[in-house]
Every structure is written in structure tokens, then in C-alpha cells.
Amino acid sequence: MAAWQERHLPTAGEPRREERQAETSSGDPALVEGALQELRKLTGLREVAELAREMAALVEVQRRRRAHGLRVEPLVFHMVFTGNPGTGKTTVARILGRLFKGLGVLPQGHLVEVERADLVGEYIGHTAQKTREQLKKAMGGILFVDEAYALARGGEKDFGKEAVDTLVKAMEDHRDQLVLILAGYRAEMEAFLRMNPGLRSRFPIQIDFPDYTTGELLEIAQQMAAERQYRLAPSVPRRLARLLEERRLVRGPTFGNAREVRNLLEAAIRRQAVRLVRQERTSREDLMLLTAEDFLEGSG
């Protein structure tokens, strides 16, 4: 279950931005409902879906307040996602983009995913240029900065600080055109936010994505297989659970969670293909069934 550092949604902004946001489209209810349904279906992230429902309700109530001539200030939806790899951070960000488009909060709702190398240049002035280029691509949608703590890797004299300053300025100047999400490992992101006074307060929504339990990973494996029109034999969950637990023990914080499941599943599909290609005839059931033997030790 996702743990929350902050659940409140503070508002901020000048009247001029309020007027611009007042002109925002009323949105697309079908797109909103579709995004909320996608979030509800995500394994182990029920509280993320609940927060999304709250945000959707808040935007609608703000719209009704505006219609009655009541004071409405722009909402700030910049976020920090913390957690290990494969815990659903990018997936959630992509769905939130569609949600915000449906709500009329963002005009396009697309996701642009970047990391330090996409933002930080090699000489003075280069970083601001590179960062502005990525911001331009993300305008109207979400800019997702993965391993954002790496922007503070070199200390005060590093060009990463210039990237952070450029991002912060864009957050203020284009609040009604951009949502910024910073993501990364829990401890590293906490240190990063501490090193940048005032930065934490600019991100009112901070979500921690915990590692999936083995049971949740098995549920994800079933979903991934079904999406590809495969079926797991009854003997697979026990074998797969053992493989996942072994990997979690060996890899520690670098354990890939849902990525590990995907890699194991794709390796099993390849092994199934090798097994089936030797048969002269294959039934529909043969082509769909993945057996425990397809999930070998060390595969993926």
C-alpha cells in the first residue's frame, strides 16, 4: 500500500494566473473516468487512485465555485515520487497526464521523461539551454525527472544546480501549462530536497511507492501474461515466487519489482517458443500456456 508523506493540496498563485486558469477547458469526463479506472486497477496503489479521485473532485468543485463567483486560486500539482525501480512511478505519471488533460488542468497531458544527462550541459549556459528544450517539449503536459537527486551530484559548482534553478523558474512561470514530477530513490530524494531550501514546499504532493509484496508481484505477473494472451500453469506461481524472493534478497534496493516480473515473463515466453517449435503441431492452448519449466533459474 502506498505510504503518504503529504496528502494536502495547497493552492498558490497570482490573480493573473487565476484568470488564465479560469479560462481552461471544462475537460473531458470520459477521459477522466478512464484514467481513474486505470489507476484503480493498478496493483498495490489504491491510495494513489484515491488521491487522484480527490484531485478530480477538487478541480470540479473549484469550477463550481468559479461559476458562483467565489474566490478560486490556481491549484499546484507538482509532485515528488519516491521509491525503488519498478514500483509504478512512471506508469502513474503517464496516467495522471491523461487525468489532468481530462480535467482541463493541462491542455495536452503528455509525458516527457528525462534524467540528468538530458538537462545538464558541459559548459556555462549549455545547461539552461538543454533544460529549456526539455521544458518546451513538456509544455502542456508533465515533465518527469527520473533520478532527480543526480542534479545535486556535483555540489554547488556543478551545472546541475543551474538545471534545478531553470526548472523552478519554469514551475512558477508556466504553472498552468506544466506539471513537474521529480522521482528517485527514497533516501537520495530526501537528501536532495534538504540540500535545496524552499524546494520541498514547491511540491505539495509527495508520494512514496513501496516495494511490491511477492503476492502483489504474482498478481502483476498474471496481468502481464493475460495482456499478452498467455496463461500461467498452476505450477508457475510457486516457482516464480521463489525466483522473485531470491532476486529481492540478492539485489536489495536495486531489485526491479515489476520490471523483474516483466523480464522473467519475457524470458519464459522465449523458452516456451524454443519448446514449442520442436513440436509438429501446437494447439491454441499450447501456444498460450507457460509452464514452470519455462521459468528457469537465472532466466531474465
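Heads up: these notes are all about the structure in this document. (Residues numbered from 1 in each chain as written. Predicted model: local features only at pLDDT ≥ 70, side-chain atom pairs only at ≥ 80, totals over all residues. Heavy atoms only, no water.)

### Description of the overall build of the chain
- Looking only at helices and strands, the chain features 12 helices and 8 strands.
- Taken across its 300 residues, the chain has 48% of its residues classed as buried.
- Long-range pairs, those at least 24 residues apart, make up 77% of the contacts in the chain with a sequence separation of at least 6. (Helix = DSSP H or I, 4+ residues; strand = E, 2+ residues; numbered from the N terminus. Buried < 20%, exposed > 50% of the residue type's maximum accessible area, 1.4 Å probe, protein only. Contact = heavy atoms within 4.5 Å.)

### So, the layout of surface pockets
- Looking at the largest pocket, its volume works out to about 780 Å³.
- Every residue lining the largest pocket is counted, 31 residues in all, and those nearest its centre are Gly 86, Gly 88, Thr 91, Tyr 212 and Ala 258.
- Sorting the residues of the lining of the largest pocket by element identifies helix 2 (29–41), helix 4 (89–103), helix 9 (214–227) and helix 11 (258–277) as the ones contributing at least two each.
- Counting residues per element, the lining of the largest pocket draws most heavily on helix 4, at 5 residues.
- Within the lining of the largest pocket, the residues separate by chemical class into 11 nonpolar, 10 polar and 10 charged. (1 Å grid on protein atoms, 1.4 Å probe; cavity = no way out; pocket = protein on both sides within 12 Å on 5 of 7 lines; lining within 4 Å. Points joined across faces, edges and corners; volume = space filled by probe spheres on them. Nonpolar A, V, L, I, M, F, W, Y, C, P; charged D, E, K, R; others polar.)

### Here's the deal with the pattern of salt bridges
- One pass over the structure, following the stated rule, counts 19 salt bridges.
- The partner of Arg 53 in a salt bridge is Glu 50, with the nearest N and O atoms 2.7 Å apart. Of this pair, Arg 53 and Glu 50 are both found in helix 3 (residues 46–67), 3 residues apart, which corresponds to roughly one turn of the helix.
- The exposure class assigned to Arg 53 is partly exposed, which follows from its relative accessible area of 43%.
- With a shortest N-O distance of 2.5 Å, Arg 186 and Asp 208 are connected by a salt bridge. Residue Arg 186 is located in helix 8 (residues 186–195), and its partner Asp 208 is located in strand 6 (residues 205–209); the two are separated by 22 residues in the primary sequence.
- With a relative accessible area of 36%, Arg 186 lands in the partly exposed category.
- With a relative accessible area of 9%, Asp 208 lands in the buried category. (Salt bridge = Lys/Arg side-chain N within 4 Å of Asp/Glu carboxyl O.)

### Notes on the nonpolar core
- If you look at the biggest cluster of nonpolar residues, it comprises 56 residues, and the most contacted ones within it are Met 55, Phe 77, Phe 81, Leu 96, Phe 100 and Phe 295.
- With sequence-adjacent residues up to four places away left out, Phe 77 is seen in contact with Met 55, Val 59, Phe 100, Val 105, Val 179 and Ile 205. (Core = buried A, V, L, I, M, F, W, Y, C linked by side-chain atoms within 4.5 Å.)

### Structural notes on unusual backbone geometry
- With phi around 50 degrees, Glu 147 is a residue other than glycine that occupies positive phi space.
- As for its position among the elements, Glu 147 is in the loop between strand 4 (142–145) and helix 7 (160–173).
- Of note in the backbone geometry, Gln 229 takes a positive phi value of approximately 60 degrees without being a glycine.
- Among the secondary structure elements, Gln 229 is positioned in the loop between helix 9 and strand 7 (231–232).
- Of the residues examined, Gln 229 reaches a relative accessible area of 57% and is grouped as exposed.

### As for the environment of Ala 268
- Topologically, Ala 268 is positioned in helix 11.
- Considering only alpha carbons, one finds Ala 268 and Asp 294, 26 residues apart in sequence, at a separation of 4.7 Å.

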